[in-house]
Amino acid sequence: NKFYIDLLMQSPYYFFLSDCELNGSNAKLTFAYEKDEQDEMCEFLDSEFLKIANYNAAETDNELDTVLKIYYYISKGYNYDFDRTDNKNLDSPLFTYPDKEIYNFLKDKKGLCYGFAYTMRFVLLQRGIDCFCVYGDCIHNDDSHMWNIFKYDGEFFICDSAWDRANDTYARLYNFGKNIRS
């Protein structure tokens, strides 16, 4: 059961649960929302993920094209929420359990770095591209930060859609594509 709970915790739908009790081989799940609310939230999440995953997709796209298009969509379509100050501590449950944050990020079109990173990770994984989130402390200040590493052509590359937020015409690529061995 712990295995299944660990899998659930990696899902952007995990916030539907308010409690989970494990007892031997039995699990008792308590939901935070009524079924109608869950259905509505699920429909919204699914539609947003599909919108991001299929942004300007073409049959001729290779994996790098796909990553760039998704990166562009997230960098251009979402804003960093500078009014929030709850991203300073890596021990925060927001870094460990970002599921409700992902929902709010997609709904409000703004959020903190982990909203950008976890959304990027989830969408790339749905497209079959290896991606994971990395977090650490910024050396210039006391803030913690989260970004992504994706795999392309057998190598791993860094991308940070939160720090590469776009203007009206383009997504900056200052923090995209640097090989992690560089």
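The preceding data block contains the structure.
Now for a quick tour of the structure. If you're wondering where the values come from, they're calculated on a predicted model, not measured in any experiment. (Residues numbered from 1 in each chain as written. Predicted model: local features only at pLDDT ≥ 70, side-chain atom pairs only at ≥ 80, totals over all residues. Heavy atoms only, no water.)

**Things to note about the sheet that holds strand β6 (residues 144-152)**
The antiparallel open sheet is built from 4 strands, whose spatial order is β5-β6-β7-β8. Of all the strands in the sheet, just β5 (131-137) and β8 (176-179) have a single pairing partner and so form its edges. Direction aside, neighbouring strands of the sheet carry axes that sit 35 degrees apart on average. Of the strand pairs in this sheet, β6 and strand β7 (residues 155-159) are connected by 5 bridges, and their pairing is antiparallel. Across the sheet, Phe-150 pairs through a bridge with Phe-157, a residue of β7. Taken strand by strand, helix α3 (residues 63-77) contacts β6, β7 and β8, and its axis lies near 155 degrees from that of β6. Across the sheet, helix α6 (residues 113-126) touches β5, β6 and β7, and the angle it forms with β6 is around 20 degrees. (Pairing = 2+ DSSP bridges. Helix = DSSP H or I, 4+ residues; strand = E, 2+ residues; numbered from the N terminus. Axes fitted to C-alpha atoms, helices over the stretch in contact; angles between N-to-C directions. Contact = heavy atoms within 4.5 Å.)

**What about the packing of aromatic side chains?**
Scanning the model with the defined rule gives 15 aromatic pairs in all. When the ring of Phe-15 is compared with that of Phe-16, the centres are 4.9 Å apart and the planes differ by 70 degrees; the resulting orientation is edge-to-face. The same class applies to Phe-15 as to Phe-16, namely buried. Members of the aromatic cluster, each reached through a chain of ring pairs, are Tyr-13, Phe-15, Phe-16, Tyr-33, Phe-44 and Tyr-103. (Phe/Tyr/Trp six-rings, centres within 6.5 Å; stacked < 30°, edge-to-face > 60°. Buried < 20%, exposed > 50% of the residue type's maximum accessible area, 1.4 Å probe, protein only.)

**Focus on the side chain of Asp-160**
Note that Asp-160 resides in the loop between β7 and β8. Judged by its relative accessible area of 4%, Asp-160 is buried. Here the side chain of Asp-160 touches His-145 through a polar contact of 2.6 Å, side chain to side chain. Ignoring any residue separated from it by four or fewer positions in sequence, one finds Asp-160 in contact with Tyr-71, His-145, Met-146, Trp-147 and Asn-175. (Polar contact = N/O pair within 3.5 Å; in protein donor to acceptor, adjacent residues only side chain to side chain.)

**Some points on the pairing of strand β1 (residues 17-23)**
In this structure, β1 lies alongside strand β2 (residues 26-31), joined through 6 bridges in antiparallel fashion. Note on β2: the bridge partner recorded for Asn-23 is Asn-26. Counting the residues in the hairpin turn of β1 and β2 gives 2 residues, including Gly-24, whose phi is positive at 65 degrees.

**Observations concerning a negative patch on the surface**
Negative charge collects at one region of the surface, where Glu-34, Asp-36, Glu-37, Glu-40, Glu-43 and Asp-46 lie side by side. With respect to the element layout, Asp-36 can be found in helix α2 (residues 35-53). (Patch = residues over 30% accessible without salt bridge, like charges linked within 9 Å, V, L, I, M, F, W, Y side chains within 5 Å. Areas by Shrake-Rupley, 256 points an atom, 1.4 Å probe, with all protein chains shown as cover. Salt bridge = Lys/Arg side-chain N within 4 Å of Asp/Glu carboxyl O. Lys, Arg positive; Asp, Glu negative; His and termini not counted. Charge placed at Lys NZ, Arg CZ, Asp CG, Glu CD.)

**Things to note about the packing of α2 against helix α5 (residues 99-108)**
Orientation of α2 relative to α5, taken along the N-to-C sense of each, is 70 degrees, at an axis distance of 10 Å. Viewed along their axes, α2 and α5 adopt a mutual orientation that is roughly perpendicular. Read as a crossing pair, α2 and α5 show a hand that is left-handed. On α5, the residues touching Met-41, Phe-44, Leu-45, Glu-48, Phe-49 and Ile-52 of α2 are Ile-102, Tyr-103, Leu-106 and Lys-107. (Parallel < 35°, antiparallel > 145°, perpendicular 65-115°, else oblique. Left-handed = near helix turned anticlockwise from the far one by under 90°.)

**Here we look at α2**
The end-to-end C-alpha distance of α2, which contains 19 residues, comes to 26 Å, matching closely the 27 Å that a straight helix rising 1.5 Å per residue would cover. Looking at the buried positions of α2, the neighbouring elements they touch are β2, α3, α5 and α6. (Expected span 1.5 Å × (residues − 1).)

**Some details on the packing of α3 against α6**
Closest axis-to-axis distance for the α3/α6 pair is 11 Å, and the angle between their directions is 150 degrees. In terms of crossing hand, the pair formed by α3 and α6 is right-handed. Contacts from Val-67, Ile-70, Tyr-71 and Ile-74 of α3 reach α6 at Phe-116, Thr-119, Met-120, Val-123 and Leu-124. Taken together, the residues that form the contact of α3 with α6 break down as 8 nonpolar, 1 polar and no charged. (Nonpolar A, V, L, I, M, F, W, Y, C, P; charged D, E, K, R; others polar.)

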